[in-house]
Amino acid sequence: MAPHDLSAPAIRIDGARKVYGTGSTRMVALHDVELDIPAGRFVSVIGPSGCGKSTLLRLIANLEATDAGSVEVFGESPAAACDGKHIGFVPQTPALLPWLNVLHNVTLPHRVNRRASRKRKAGASAARPMPDMEQLLRDVGLGDAMHKLPPELSGGMQQRVAIVRALGLQPDVLLMDEPFSALDEFTRESLQGQLLDLWDHTTATVVFVTHSVTEAVRLSDQVVVMAPRPGRIVDVIDVDLPRPRSAELLTSDEFHHYEDLIRERLQSAWHSPDLPNAA
Ligand SMILES: Nc1ncnc2c1ncn2[C@@H]1O[C@H](COP(=O)(O)OP(=O)(O)O)[C@@H](O)[C@H]1O
Ligand SMILES: [Mg+2]
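As the structure is a prediction and not an experimental result, all values here were calculated from the model.

Novice: Explain the pairing of strand β1 (residues 11–20) here, please?
Specialist: Where a strand is regular, its side chains alternate between the two sheet faces. Inspection of the sheet shows β1 paired to strand β2 (residues 27–37) by 7 bridges, in the antiparallel sense. What sits directly across from Ile-13, in β2, is Leu-35. Counted along the chain from β1 to the antiparallel partner β2, the turn is 6 residues long, and its residue Gly-21 has a positive phi close to 75°. Relative to strand β4 (residues 68–73), β1 runs antiparallel, the two sharing 5 bridges. In the strand pairing of β4, Arg-12 is matched with Glu-72.

Novice: Where do I start with the environment of Thr-205 in this structure?
Specialist: Following the sequence through the fold, Thr-205 ends up in strand β7 (residues 205–210). Expressed as a C-alpha distance, the spacing of Thr-205 and Pro-38, which sit 167 residues apart in the sequence, is 7.7 Å.

Novice: Please explain a negative patch on the surface as it appears in this structure.
Specialist: A cluster of acidic side chains, namely Asp-14, Asp-32, Glu-34 and Glu-72, defines a negative patch on the protein surface. Its place among the elements puts Glu-34 in strand β2.

Novice: Where do I start with the domain arrangement of the protein chain in this structure?
Specialist: Think of interface size as the accessible area that goes away when the parts come together; that is how it is often given. Segmentation of the protein chain into domains returns domain 1 (11–86 + 174–278) and domain 2 (101–170). Its C-alpha centre places domain 1 at a distance of 25 Å from the equivalent point of domain 2. Listed as interface residues are 15 residues of domain 1 and, on the opposing side, 14 residues of domain 2. In this structure, the connection of domain 1 to domain 2 is made through 0 salt bridges. Here domain 1 and domain 2 share 1 residue pair in polar contact (both at pLDDT 80 or more) between them. Sorting elements by how many residues they give to the side of domain 1 that touches domain 2 places helix α6 (residues 185–200) first, with 5 residues. Looking at the side of domain 1 that touches domain 2 residue by residue, the class counts come to 8 nonpolar, 5 polar and 2 charged.

Novice: Before we go on, may I ask you to explain the packing of aromatic side chains in this structure?
Specialist: The way to describe two aromatic rings as a pair is by their centre distance and the angle between their planes. Per the stated rule, a full pass over the model turns up 3 aromatic pairs. With a centroid separation of 5.3 Å and 90° between ring planes, the pair formed by Phe-42 and Trp-199 is classed as edge-to-face. Remark: Trp-199 occurs in helix α6 and Phe-42 occurs in strand β3 (residues 42–46); sequence separation between them is 157 residues. A relative accessible area of 11% means that Trp-199 is categorised as buried. With centroids separated by 5.9 Å and ring planes inclined at 40°, the aromatic side chains of Phe-42 and Phe-208 adopt a geometry described as tilted. Linking Phe-42 in strand β3 with Phe-208 in strand β7, this pair joins segments that are 166 residues apart in sequence.

Novice: Would you take a moment to explain the nonpolar core for this structure?
Specialist: Nonpolar side chains tend toward joint burial in soluble globular proteins. Grouped together as the largest cluster of nonpolar side chains are 33 residues, with contacts concentrated most on Phe-42, Leu-137, Ile-163, Met-176 and Phe-208. The set of elements that each furnish at least two residues to this core consists of α3 (102–119), α4 (133–139), α5 (155–168), β6 (173–177), α6 and β7. If you tally residues by element for this core, the top one is α5, at 6 residues. Residue contributions to this core reach at least three from each of two domains, namely domain 1 (11–86 + 174–278) and domain 2 (101–170). If sequence neighbours within four positions are ignored, Phe-42 has contacts with Leu-195, Leu-196, Trp-199, Val-206, Phe-208, Leu-219, Ser-220, Asp-221, Gln-222 and Arg-243. Grouped together as the second largest cluster of nonpolar side chains are 27 residues, Ala-16, Ile-37, Leu-56 and Ala-61 included.

Novice: Help me out: how do you make sense of the packing of α5 against α6 in this one?
Specialist: In helix packing, the relevant descriptors are the interaxial angle and the interaxial distance, both defined with respect to the helix axes. Running from amino to carboxyl end, α5 crosses α6 at an angle of 15°, the nearest separation of the two axes being 11 Å. Classified by the interaxial angle, the pair formed by α5 and α6 is roughly parallel. Of the two possible hands of crossing, α5 and α6 adopt the one that is right-handed. Residues Gly-156, Gln-159, Arg-160, Ile-163 and Leu-167 of α5 form the contact with α6, whose own contacting residues are Thr-187, Leu-191, Gln-194, Leu-195 and Leu-198. Looking at the contact of α5 with α6 residue by residue, the class counts come to 5 nonpolar, 4 polar and 1 charged.

Each value, and the rule that gives it
- Residues numbered from 1 in each chain as written.
- Chains lettered and ligands numbered in written order.
- Predicted model: local features only at pLDDT ≥ 70, side-chain atom pairs only at ≥ 80, totals over all residues.
- Heavy atoms only, no water.
- Pairing = 2+ DSSP bridges.
- Helix = DSSP H or I, 4+ residues; strand = E, 2+ residues; numbered from the N terminus.
- Patch = residues over 30% accessible without salt bridge, like charges linked within 9 Å, V, L, I, M, F, W, Y side chains within 5 Å.
- Areas by Shrake-Rupley, 256 points an atom, 1.4 Å probe, with all protein chains shown as cover.
- Salt bridge = Lys/Arg side-chain N within 4 Å of Asp/Glu carboxyl O.
- Lys, Arg positive; Asp, Glu negative; His and termini not counted.
- Charge placed at Lys NZ, Arg CZ, Asp CG, Glu CD.
- Domains from an automatic or database assignment.
- Contact = heavy atoms within 4.5 Å.
- Polar contact = N/O pair within 3.5 Å; in protein donor to acceptor, adjacent residues only side chain to side chain.
- Nonpolar A, V, L, I, M, F, W, Y, C, P; charged D, E, K, R; others polar.
- Phe/Tyr/Trp six-rings, centres within 6.5 Å; stacked < 30°, edge-to-face > 60°.
- Buried < 20%, exposed > 50% of the residue type's maximum accessible area, 1.4 Å probe, protein only.
- Core = buried A, V, L, I, M, F, W, Y, C linked by side-chain atoms within 4.5 Å.
- Axes fitted to C-alpha atoms, helices over the stretch in contact; angles between N-to-C directions.
- Parallel < 35°, antiparallel > 145°, perpendicular 65-115°, else oblique.
- Left-handed = near helix turned anticlockwise from the far one by under 90°.

Structure representation (structure tokens):
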């Protein structure tokens, strides 16, 4: 485990605000967002398109800065957390290097980081040892694809490679932005199961953005419901279902109860009036 403050929540977002554009193009992407995520939790963020889900993730990943309020990752700024290699990011499209085979794609971040940390001054946090990436690939059924190039793989296989690549860095916080949204339903369900199996072997805190209510319920300890105009959190729902979450659980009454609850909250958020004082 990395030497950070374990008494702090993994992620603390306090009064975060993000505004894009000026004048007629000005838009409040996030308004007064408060959220604490305890370490080791699997949290999903759900809401209609444009409600600021990706913006929220990008603030945590240090890809954007807040205009007001703060974001902390284990008590540090997102920039410090990224420097310390505490954060992994899986984007919506896998973004693999097409000229490198699967094994080289997933080991690349480690090789790059090792070089970077050698150059870093004494006292900088050292990169962690690389786990057995070949085993991780076999665990997600990519044993036979290890020496293939990304264009030779299906979309589902490519996304599995991207997940293994992110997990290989053993991040304390794993951020995933609709990683399964481009996949067919069958592939998606199977990848959800594989992601949960992999996560089970880590201590990572996961923030997972999705459009799918079913996916949010299956994966999460907690579901954060967002609304647009301006982008804001309207509800945080605890999902008290046993783990492991097998595919059979999806047809149970308890599972449907959570799906209905979240759909209802999304509906009422959608129909709630805009917040004029958020401008
Ligand atoms: N770089 C940007 N410049 C201007 N507007 C942006 C930018 N990124 C996002 N937005 C706007 O901010 C709002 C929230 O976007 P986003 O976080 O991508 O929403 P979501 O991921 O929930 O669909 C949207 O209205 C979007 O158009
Ligand atoms: Mg998005």
